[in-house]
Amino acid sequence: MTISEDNNDGLNERHRARMQRKKAVVDAKIAAATDVRGVLLVNTGNGKGKSSSGFGMVIRAMGHDMQVGVVQFIKGAALPNGATGEERFLRRFPEQCRFHVMGEGYTWETQDRTRDIEKAQAAWACARELLSDPSIGLVLLDELNIALKYHYLDVQTVLADLRARPAAQHVVITGRGAPPELIDAADTVTDMTLVKHAFSQGIQAQPGVEL
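Keep in mind the model is a prediction, meaning the values are calculated, not measured.

Chemist: Please clarify how the packing of aromatic side chains should be interpreted in this entry.
Modeler: Between two aromatic rings, the relevant description is the distance of the centres plus the angle of the planes. Using the criterion set out here, one finds four aromatic pairs in the structure. A centroid spacing of 6.4 Å and a plane angle of 40° characterise the contact between Phe 73 and Trp 124, whose relative ring orientation is tilted. One end of the pair, Phe 73, is in the loop between strand S2 (67-72) and helix H3 (85-90); the other, Trp 124, is in helix H5 (residues 113-131), with 51 residues separating them in the sequence. An identical accessibility class is assigned to Phe 73 and Trp 124; each is buried. With centroids separated by 5.8 Å and ring planes inclined at 25°, the aromatic side chains of Tyr 150 and Tyr 152 adopt a geometry described as stacked.

The structure is reproduced here in structure tokens:
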């Protein structure tokens, strides 16, 4: 089956008219977005990609010659093949990226709530230093949501420190179970929805994909 030249011309014209209307709407939204300031982004949900997205923004910021800081909550237990790929990569740029692995592993591995709280509070002290430094353009607080979900940290204290950060500093927070208070305070929130995952099919977590 072929499309006649007349039908094709009509299709092309309708497409052009539709894109013109869409461009007018998009251009108006761009013109109205005049505020320039640091934003708070939250990646949450049960799907894969929360930390991956956060590290993508870290690398993007570095590409713009920004100083960045990373604090990893919860994560930190020794992996079979050593550090994660993102840690191995970013530690090549110590002059531009401050990378802090502050956890001792996932909660089902540590099984020690008191110790987990101590580590989370130490990690937040580290995060607070980054959040008070105006030379740092972007801070990634990886798996902070887990520490908040289990009440290892006080959410109001965290929110107060986030509000007090330099006006131009961006912050990305990842992890399942973001508390409602954090979602309300954020400028951008993405809920990663799980459709299917290789692990449920018996496929191991692998370097370059999960690690």
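From this point, the narrative continues.
Chemist: Whenever I open this one, the nonpolar core confuses me. Can you help?
Modeler: As a rule of thumb, nonpolar side chains are buried together in soluble globular proteins. With 32 residues, the main nonpolar core has Phe 73, Leu 141, Leu 144 and Leu 162 as its most contacted residues. At the level of secondary structure, the elements contributing two or more residues to this core comprise strand S1 (40-44), H5, strand S4 (136-142), helix H6 (144-149), helix H7 (155-163) and strand S5 (170-174). Counting 14 residues, the second-largest nonpolar core is a separate cluster that includes Leu 41, Met 57, Val 68 and Leu 138.

Chemist: Looking at this structure, how should I read unusual backbone geometry?
Modeler: Peptide bonds are, in most cases, trans, and in most cases residues other than glycine have a negative phi. Phi at Asp 65 takes a positive value of approximately 65°, unusual for a residue other than glycine. Tracing the chain through its elements places Asp 65 in the loop between helix H2 (50-63) and S2. Located in the positive-phi region is Glu 143, a residue other than glycine, with phi close to 65°. Looking at where Glu 143 falls in the secondary structure, it is placed in the loop between S4 and H6. A residue is classified by how much of its surface remains accessible, and Glu 143, at 9% relative accessible area, is buried.

Chemist: Please clarify how the environment of Val 101 should be interpreted in this entry.
Modeler: With respect to the secondary-structure elements, Val 101 resides in strand S3 (residues 97-101). Sequence separation of Val 101 and Val 71 is 30 residues, and the distance between their C-alpha atoms is 6.0 Å.

Chemist: Quick question: what am I supposed to make of the sheet that holds S4 here?
Modeler: Pairing between the strands of a sheet is mediated by backbone hydrogen bonds and can be parallel or antiparallel. In spatial order, the strands read S3-S2-S4-S5-S1-S6; together these six strands make up an open sheet with parallel pairing. Two strands in the sheet have a free side with no partner beyond their single neighbour: S3 and strand S6 (188-191). If you compare each strand with its neighbour and ignore which way they point, the axes differ by 10° on average. Of the strand pairs in this sheet, S2 and S4 are connected by six bridges, and their pairing is parallel. What sits directly across from Val 71, in S4, is Leu 141. Here H5 sits on the sheet and contacts S2, S3, S4 and S5; the angle it forms with S2, its principal contact strand, is near 165°.

Chemist: It is not clear to me how H7 should be interpreted in this structure. Could you clarify?
Modeler: What sets the pattern is the α-helix's 3.6 residues per turn: residues three or four places apart point alike. Taken together, the buried positions of H7 are occupied by Val 155, Val 158, Leu 159, Asp 161 and Leu 162. On an axial view of H7, the arc spanned by its buried residues comes to 165°, and they lie on one face. Structurally, H7 contributes buried residues whose contacts are with S1, H5, S4, H6, S5 and helix H8 (180-185).

Chemist: Would you mind showing me how to read the pairing of S2 here?
Modeler: Walk down a regular strand and you will see the side chains alternate between the two sheet faces. When you tally the buried positions in S2, you get five out of six residues, the bulk of the element. Here S2 pairs with S3 via five bridges, running parallel. Pairing of Gln 72 across the sheet is with Val 101, part of S3.

Chemist: I keep staring at the pattern of salt bridges and nothing clicks. Help me out?
Modeler: Oppositely charged side chains can pair when the atoms bearing their charge come close. Following the criterion strictly, the structure yields eight salt bridges and no others. In this structure, Lys 23 engages Asp 27 in a salt bridge whose closest nitrogen and oxygen atoms are separated by 2.9 Å. Placement of the pair is Lys 23 and Asp 27 together in helix H1 (residues 5-32), with a separation of four residues, close to one helical turn. Residue Lys 23 is classed as exposed on the basis of its relative accessible area of 52%. The exposure class assigned to Asp 27 is partly exposed, which follows from its relative accessible area of 34%. When the shortest N-O distance is used, the salt bridge between Asp 133 and Arg 98 registers 2.9 Å. A residue pair is termed long-range when its members are at least 10 positions apart, and Asp 133 in the loop between H5 and S4 and Arg 98 in strand S3 qualify at 35 residues. Judged by its relative accessible area of 17%, Asp 133 falls in the buried class. Connected via shared salt-bridge partners are Asp 35, Arg 37 and Asp 187.

Cut-off values and rules
- Residues numbered from 1 in each chain as written.
- Predicted model: local features only at pLDDT ≥ 70, side-chain atom pairs only at ≥ 80, totals over all residues.
- Heavy atoms only, no water.
- Phe/Tyr/Trp six-rings, centres within 6.5 Å; stacked < 30°, edge-to-face > 60°.
- Helix = DSSP H or I, 4+ residues; strand = E, 2+ residues; numbered from the N terminus.
- Buried < 20%, exposed > 50% of the residue type's maximum accessible area, 1.4 Å probe, protein only.
- Core = buried A, V, L, I, M, F, W, Y, C linked by side-chain atoms within 4.5 Å.
- Pairing = 2+ DSSP bridges.
- Axes fitted to C-alpha atoms, helices over the stretch in contact; angles between N-to-C directions.
- Contact = heavy atoms within 4.5 Å.
- Arc of directions from axis to C-beta.
- Salt bridge = Lys/Arg side-chain N within 4 Å of Asp/Glu carboxyl O.

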